[in-house]
Amino acid sequence: MNADELITLAGSNDKPRTRERMQEIGIIRNGGLAIKDGTIVSVGKTPDITRDFKAEDVANANGKIVMPGFVDPHTHLVFAGSREEEFQLRIEGVSYVEILRAGGDIMRTVRETRRASIEKLVDYGTETLDSMLEHGTTTVEAKSGYGLATKDEMKMLEAMQRLNQLHSVDLVPTFLGANAIPPEFVDNPEDYVKLVTEEMIPKVTEKRLAEFCDVSCEKGAFSLEQTRRILTAGKNHGLKPRLHADEMNQLGGAELAAGIGATSADHLLFASDEGMKAMAEKGVVATLLPAAAFSLMRGRYADARTMINLGVPVALGTDFNPNCWVENQQCVIALACHMMKLTPSEAITATTINAAHAISRAKEIGSLEVGKKADVTVLDVPNHKFLGYRFGVNLVDKVVKNGRIVFDRDAVRSQVRLLEDHEM
Ligand code: ZN
């Protein structure tokens, strides 16, 4: 109740927001909402809500903004190990190939993930989800792709299924068996494509472990033609297509995404104008990942302004992975504003309702509207223009998931103060 700004993002459940509509975030001043059994039952001005509803618990958001919980539409949530040594090498300017030769890069994560038990993966994933939730994220897409062998890909997806049951953050699982070509197949990558399409996809879908099929379409990973084959096989088994496209080179990933009817194409640093136009026409969401571009240290970012001008719906995600270790969508908003010139309003749209569209969840989440899940984030700032502007700290005051307060900064801070009093 009494929110300085209640940001609804209402009215885009069928189609993502594009062009100037990305600026419209549906602000209600002195706003409030009523929640019953985990669902939003009323949204409006505080006096109207308090007149119509009597609640057991009332949370006051005076001086704060209330918005939909962030949706993170691109994460590699589950993995073992870390790659801080490689980070140091990247700073020193050591090339990708040399890092690979030194046993670094993605294959290090694959080795460690293959060695890890499912219980360990669930433990690591829980820590990450805790952190994401504390930073205001209530739903995440999560990919497999560090197993690169049937049993290990299944293990990753099963870990995600357990996390989805155990944790209050909701997961949307994506099968990314075609993340990279594993060492056992470097000499015959076609055999690996066969394994993905003929063995992994049927097994994954039989056990209902994934909703999407993703491919890393890139030089050194999977060609355009292989990507098309894998996504088509996924589609034939009921997996919706999405892809890592045009991140390092212009391969035509954006065009392929439009042609195959992908829900989302991600990265797009080198997407062609034709590709972007085709995506706009087909309504493919461009999920941009500025934190990934930042950690590449090449100074190049996706051309978000051109995409918005062309009518491509833009979403933003963390790309959380061992090479881009960021759980925080507020940090992604800051990067999007500073490096891709999104306005705070556009970045809010891109991390809520458009992000929900990027993972086919726009009917349930991504906006504050009657009938939607009560996934709500309260930020301790006086207005939405502080997002991206005040960065490097967590602005979250409270997080509500399915109508329940699951994170409360005041509770954490009062504990800290109690401890301090004790010591004195
Ligand atoms: Zn990725």
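Whatever comes next refers back to the structure up there.
This structure is a prediction, so every number in the text was calculated from the model and none was measured. Once a new chain begins, its residue numbering starts again from 1 and follows that chain's sequence as written. For this predicted model, a pLDDT threshold of at least 70 governs which residues receive local features, and a threshold of 80 or more governs which side-chain atom pairs are given and counted, while totals over whole chains, interfaces and linings are taken from all residues. Side-chain numbers here rest on the full set of heavy atoms in the structure, without hydrogens or water.

Peer 1: Got a sec to walk through the overall build of the chain? Specific residues and values, please.
Peer 2: Secondary structure follows DSSP: runs of H or I at least 4 residues long count as helices, runs of E at least 2 residues long count as strands, and numbering of each begins at the N terminus. Looking only at helices and strands, one finds 16 helices and 15 strands in the chain. Based on C-alpha atoms, the radius of gyration is set beside the globule rule, defined as 2.2 Å times the residue count to the power 0.38. Over its C-alpha atoms the chain spans a radius of gyration of 21 Å, differing by no more than 12% from the 22 Å that the globule rule assigns to 424 residues. In terms of principal-axis extent, the alpha carbons of the chain reach across some 70 × 55 × 45 Å. Type-normalised accessible area, obtained with a 1.4 Å probe on protein chains alone, sets the label of each residue: buried when under 20%, exposed when over 50%, and partly exposed for intermediate values. Counting over 424 residues, the chain shows a buried share of 57%. In the chain, once contacts between residues fewer than 6 apart in sequence are set aside, the share between residues at least 24 apart is 71%. With an accessible surface of roughly 18000 Å², the chain has 50% of that area assigned to carbon and sulfur atoms. Note on contacts: a residue pair is in contact if any heavy atoms of the two residues lie within 4.5 Å. Computed with the Shrake-Rupley method and a 1.4 Å probe, the accessible areas treat only the protein chains shown as cover for residues.

Peer 1: Which residues make up the packing of helix H6 (residues 150–166) against helix H7 (residues 189–206), and what are the values?
Peer 2: Between the N-to-C directions of two axes lies an angle of 0 to 180 degrees, each axis being a line fitted to C-alpha atoms and, for a helix, fitted only over the stretch in contact. Between H6 and H7, whose axes approach to 10 Å, the crossing angle comes to 35°. The two elements H6 and H7 meet at a crossing, and its hand is right-handed. The segment H6 lies against H7, with Thr150, Glu153, Met154 and Leu157 engaging Leu195, Glu199, Met200, Lys203 and Val204. For this classification, Asp, Glu, Lys and Arg are treated as charged, while Ala, Val, Leu, Ile, Met, Phe, Trp, Tyr, Cys and Pro are nonpolar and the rest, including Gly, are polar. Grouping the amino acids of the contact of H6 with H7 by side-chain chemistry returns 5 nonpolar, 1 polar and 3 charged. Definitions for this section: a left-handed crossing has its near helix turned counterclockwise from the far helix by less than a right angle. A right-handed crossing has that turn clockwise.

Peer 1: Before we move on, can you summarise the pattern of salt bridges with the specific residues and values?
Peer 2: Basic side-chain nitrogens of Lys or Arg form a salt bridge, by our definition, when they fall within 4 Å of a carboxyl oxygen of Asp or Glu. The tally for this structure, following the rule as stated, stands at 32 salt bridges. Among the salt bridges present, the one from Arg83 reaches Glu86, with a minimum N-O distance of 2.6 Å. You can call Arg83 buried: its relative accessible area is 8%. One salt bridge in this structure joins Glu158 and Lys207, with 3.6 Å as the shortest N-O distance.

Peer 1: Account for the state of the cysteines, with residues named and values stated.
Peer 2: Disulfides are defined as pairs of cysteine sulfur atoms found within 2.5 Å of each other. In this structure the tally under the stated criterion is 0 disulfides. Sulfur of Cys213: no disulfide; nearest cysteine sulfur belongs to Cys217 and is 12 Å away.

Peer 1: Please set out the coordination of the zinc ion residue by residue, giving values where relevant.
Peer 2: A metal bound by six donors in octahedral fashion has ideal angles of 90 or 180 degrees, whereas one bound by four tetrahedral donors has an ideal angle of 109.5 degrees. For the zinc ion, the full set of protein donor atoms is His74 (NE2), His76 (NE2), His244 (NE2) and Asp319 (OD), and the range of their distances to it is 2.1 to 2.7 Å. Water is absent from the atoms considered, so a metal site may look incomplete; donors are defined as N, O and S atoms within 2.8 Å of the metal, or 3.2 Å for Na, K and Ca. Geometry is assigned from the angles between donors: four donors with all angles from 85 to 135 degrees make a tetrahedral site, four or six donors whose opposite pairs exceed 155 degrees while the rest stay between 65 and 115 make square planar or octahedral sites respectively, and everything else is labelled irregular. Because the angles between the 4 donor atoms bound to the zinc ion fall within 78 to 169°, the donor set is best described as irregular. All donors of the zinc ion come from a single chain, and their spacing in sequence reads H-x1-H-x167-H-x74-D. In this pair, His76 is assigned in the loop between strand S5 (70–72) and helix H2 (84–91) and His244 in strand S9 (residues 240–245), connecting sequence segments 168 residues apart.

Peer 1: Quick one: what's the story with the side chain of Glu5, residue by residue and with numbers?
Peer 2: Within the secondary structure layout, Glu5 lies in strand S1 (residues 3–7). Two N or O atoms count as a polar contact when they lie within 3.5 Å, although within protein this holds only if one can serve as hydrogen donor and the other as acceptor, and sequence-adjacent residues are included solely when both atoms are side-chain atoms. Polar side-chain contacts of Glu5 include one of 3.4 Å to the side chain of Arg29. When residues no more than four places from it in sequence are discounted, the contact partners of Glu5 are Ile27, Ile28, Arg29, Lys64, Ile65, Val66, Pro382, Asn383 and His384.

Peer 1: Please give an account of the packing of helix H9 (residues 253–260) against helix H10 (residues 273–282) that cites residues and values.
Peer 2: In a packed pair of helices, the relevant descriptors are the angle between the two axes and the axis-to-axis distance. In contact at an axis separation of 7 Å, H9 and H10 are set at 25° when each is read in the N-to-C sense. Between H9 and H10, the angle is such that the two are roughly parallel. Seen from above, H9 lies across H10 with left-handed handedness. Across the interface between the two elements, Ala254, Glu255 and Ala258 from H9 touch Glu274, Gly275, Met276, Ala278, Met279 and Lys282 from H10. Classifying every residue of the contact of H9 with H10 by side-chain character gives 5 nonpolar, 1 polar and 3 charged. These descriptions rest on fixed angle ranges, namely under 35 degrees for roughly parallel, over 145 for roughly antiparallel, 65 to 115 for roughly perpendicular, and the rest for oblique.

Peer 1: For the pairing of strand S4 (residues 65–68), give the residues involved together with the corresponding values.
Peer 2: At least two bridges found by DSSP between two strands are what make those strands a pair. Alignment of S1 against S4, held across 2 bridges, turns out to be parallel. Considered in S4, the bridge of Glu5 is made with Ile65.

These results come straight from atomic positions and should not be treated as a statement about function.
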